[in-house]
Amino acid sequence: DGQGPGLAMSRSIGDLAAHRVGVSYLPEIRRRLRSGMDRMLLLASDGIWDMLDNEEAVDIAARASEDGRGDPAGACKQLCDTARRAWEFKETRIDDITAL
């Protein structure tokens, strides 16, 4: 009927309109205790994860903070830039690319 979203998705946080066509607006939540081994938390859209594996993403983010002071904004920019270049090389389209 042209009233629902025009893309394939299973979750859209806060999107009550897509809920009518079977998309959940409820986030998937997992709890994890932080340990002394944890150095960072990467939150990213599938546009990042479809092009970068976990190890590559962590390596990129870690390099952005090698001085020990950290650079979350720089790490996110590097992740997004790297994923975008991979999309441009491998595909004719580019998926959403977001990193926090």
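Predicted model only: the values in this text are computed from it and were never measured.

What counts and how
- Residues numbered from 1 in each chain as written.
- Predicted model: local features only at pLDDT ≥ 70, side-chain atom pairs only at ≥ 80, totals over all residues.
- Heavy atoms only, no water.
- Salt bridge = Lys/Arg side-chain N within 4 Å of Asp/Glu carboxyl O.
- Buried < 20%, exposed > 50% of the residue type's maximum accessible area, 1.4 Å probe, protein only.
- Helix = DSSP H or I, 4+ residues; strand = E, 2+ residues; numbered from the N terminus.

Trainee: Talk me through the pattern of salt bridges; I want residue IDs and the actual numbers.
Mentor: Under the definition given, this model contains 3 salt bridges. Where aspartate 38 meets arginine 32, a salt bridge forms, and the shortest distance between an N and an O atom there is 2.8 Å. Taking the relative accessible area as the measure of exposure, aspartate 38 reaches 31% and is therefore partly exposed. When the shortest N-O distance is used, the salt bridge between arginine 84 and glutamate 88 registers 3.3 Å. With arginine 84 and glutamate 88 both in helix H4 (residues 72-90) and 4 residues apart, the pair spans about one turn of that helix.

Trainee: Account for the environment of proline 72, with residues named and values stated.
Mentor: Note that proline 72 resides in helix H4. Sequence separation between proline 72 and alanine 62 is 10 residues, and the spatial gap between their C-alpha atoms is 9.6 Å.

Purely geometric stuff here, so don't read any function into it on its own.
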